[in-house]
Amino acid sequence: MSVMRRRLRIAAAAVLAAGVALGSAGCSKKNDDEGSTGEGGQVKLVLQTFQNFGYDQAIKDFEAAHPNIKVEHQKMGELRDFQPKLVQWLAAGSGAGDVVGLEEGVLLGYVQNPDKFANLLDLGAGEVKANFPEWKWNNALTPDGKKLIGLGTDVGGLAMCYRKDLFQQAGLPTDRDEVSKRMTTWQDYIALGKEFKASGKVKAAWLDSATSLMQPYVMQNSQTFFFDKDNKFIGDTNPVIKQTWDLGLQMARDGLTAKTQRWSADWDGAFKNSAFATLPCPAWMTEGVIAPKSGPANSGKWDIANIPGGGGNWGGSYLAVPAQTKHPKEAYELAKYLTSKEGHLAAFKEAGAMPSDIAGLDDPAFKDKTSEYFSGAPTGKIFGESVKNMKPVFLGAKHQQVWETIFEPQMQAAERGRLSADAAWTKAVDEAKKATS
Amino acid sequence: MSSTVGAVPPSRAASPPPSAPLHRRRSYRLGRWDLKYSPYLYVAPFFVLFGVFGLFPVLYTVYVSLFDYELLSGTKEYAGLENYRLLMQDAQFWNAAYNTLGIFLLSTVPQLIVALMLANLLNRQMKARTLLRMGVVIPNITSVAAVGIIFALIFADRYGLINWLLGTVGFDPIAWRDNRFASWFAIAFMVDWRWTGYNALIYLGAMQAIPKDLYESASLDGASTWRQFWSITVPLIRPTILFTIIISTIGGFQIFTEPLMYGNGLVRGGVDHQFQTLAMYIYEKTFTGNAEYGYGSAMSWLLFMMIIVFALINFVLVRRSVKGDKK
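Residues numbered from 1 in each chain as written. Chains lettered and ligands numbered in written order. Predicted model: local features only at pLDDT ≥ 70, side-chain atom pairs only at ≥ 80, totals over all residues. Heavy atoms only, no water.

Visitor: Sorry if this is basic, but what is going on with the pattern of salt bridges here?
Guide: Pairing between side chains of opposite charge can happen when the charged atoms of each approach one another. Counted under the stated rule, the structure contains 22 salt bridges over all chains. Across the pair A:K194 and A:D254 runs a salt bridge, and its minimum N-O distance is 3.8 Å. Residue A:K194 is found in helix α8 (residues 186-198), and its partner A:D254 is found in the loop between α10 (239-253) and α11 (265-272); the two are separated by 60 residues along the sequence. A:K194 sits in the partly exposed class, given a relative accessible area of 42%. When the shortest N-O distance is used, the salt bridge between B:R177 and B:D157 registers 3.4 Å. Residue B:R177 is located in the loop between α7 (161-168) and α8 (180-207), and its partner B:D157 is located in the loop between α6 (144-154) and α7; the two are separated by 20 residues in the primary sequence. Looking at B:R177, the relative accessible area reads 7%, which means it is buried. Residues joined in a network through salt bridges with shared partners are A:R418, A:K427 and B:D272. (Salt bridge = Lys/Arg side-chain N within 4 Å of Asp/Glu carboxyl O. Helix = DSSP H or I, 4+ residues; strand = E, 2+ residues; numbered from the N terminus. Buried < 20%, exposed > 50% of the residue type's maximum accessible area, 1.4 Å probe, protein only.)

Visitor: Before we go on, may I ask you to explain the packing of helix α4 (residues 91-122) of chain B against helix α13 (residues 278-287) of chain B in this structure?
Guide: All names here are of chain B. One way to put it is that α4 packs onto α13 with a least axis distance of 8 Å and a crossing angle of 145°. In contact with Q92, F93, A96, A97 and T100 of α4, α13 contributes L278, Y281 and E284. A class-by-class count of the residues in the contact of α4 with α13 yields 5 nonpolar, 2 polar and 1 charged. (Axes fitted to C-alpha atoms, helices over the stretch in contact; angles between N-to-C directions. Contact = heavy atoms within 4.5 Å. Nonpolar A, V, L, I, M, F, W, Y, C, P; charged D, E, K, R; others polar.)

Visitor: How should I be thinking about the environment of A:G309 in this particular structure?
Guide: Residues and elements named next belong to chain A. Summarising the element assignment, G309 is placed in the loop between β8 (302-306) and β9 (316-320). The exposure class assigned to G309 is partly exposed, which follows from its relative accessible area of 43%. Non-local contacts of G309, meaning those with residues more than four positions away in its chain, are made with T184, T185, W186 and Q220.

Structure follows, in structure tokens:
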């Protein structure tokens, strides 16, 4: 008995040890059937997106039109979870899908290091150039204009959300056309804010934060932002940036801003407490952020006017084809379909994603959209106009990093008085130079 | 199962007759192997797992730290100790180290002292003793993200509970994030809320192993409760105190989630990095921006060394300051 038991024990231990080794080896096996060609010339494509692109129906339609292609849609969760994985897969040369969703800031980062992606111009993307607003197209183009790494999916647009009830208390016009007319430029907008404040009848500030002025103002008044076309940092010499910085901080000194930091608990509280009257808002922010944060109690008190200065955008994504794909042609076909008018409208219907396709923006399915929470404002029309009116601005690979992690926080520090405006500016420029050298 | 390991009666396994048939001899050899090697096989799963998921990543981090390795641009060039040299000059790194150390001291010192007092109280005879003892670990089993969200609201700058309370009694609100010390305090508070009860329970366990007659003879000699606590309880649970200090050092130096949640989920740690910890800076460099794996690895390795050094310093300090029984 004992011999038998002992033998068994040795065998069991050996199996266990081998199992551990195998188990850990098994971890590295992933997606190895990706890109395989099945029987009958069937091609399987993997599409990786984050959050909700709203592509369920669009993929079904694509598969129906291309019976030889099967699409596996991998929804990768939040952007912050997906992005580091994608960076690793691209560096490792395997694991990334045949078509991947890139958020605008991520895409800009890859424009400078485009060799991990297929050139969509080589795959025939030139044919769809006219479908997109020029700026949306240009963002995905390398500075020399020879390589395109993404096709535009949704956009954010930009409008001015405002509190009708607070406007009324301060004796300002409340009708959205009238309001739009009173703030065609940012100077008008600031003057109106001073009038709002001078009425003495409202406790609320005019704007949530001085930083909210920065992105739309610079994009409307300059062809570049923090970088020139050679990706050299020019944030310290681009006069429009300093000008906007001063303008925003002057508003703060005049008591026109609520000095709340975006996405903080205080910002949420400011919505509930009606602490500010206006907020530059992209389309995704209306129903997705403002409505839930302000709560049902404030339904019908918000309205939407045009953004001062004419046009703007905040947010949006792209579809790209990693160079590691085995089926670049089919992958391009999929990306092209999903970013066509049909794909855009299907995504709008499913996830509320605003089209970046010009024909899609003009389609009644999008254009006639109104929002009940925002007093029935014609959101389709307002946001559509803002996207079409926007001029192309060269942003550069590290635009989002320089804005979100350097200039925005330093501007907030200055706004709240933690640093003087000059000290914050010097620090921001120094940090940005270090981060981009 | 474990009780049978190595407990094979020698009389049965050893010394078969020399004329034994072949299969008997083979089983004899197997038996010897069993005795010799199977203990190693039984512990092998742990060491294999540790090697794959523990030791290998640590060593590989050292290797990667010697490269200029950026995932986004795809550069990977041998750089020797260049990353470490740059780190020495990186003001943001030293700022993060300063913050980490500050938050660590501000949280751990009061935490362990309070835990010790709490354990002493719980060690007495009282009603609902088990309930109270279990109650102190409840904070520890709550999700750290939930703790972060709730405390971020309590310590919110404008609409926070504490600033509102301060306002009702006429004080100025505190800039909980912009003021460095206030932010450290709030983060340390969060950490303590979660970990004080846990440490108290560990101390309590150690205290219960102290023989009661020691206290009895001490009180016969006229020692006060306070004197008994410092001269009997603390020295006798010294190994446990050492254990909690080492564990707190390891945990405290890697603090990440609390300051992250406190700063609205941004790894920047405040507008001016005033509460960015080392773990947050490592994350910022490694997983955002250019994905500088080489630089991030160098930092991780340095953090590892710092933890070892501090754990050793604490070990020596505590051994010296708390007099134990001389063995």
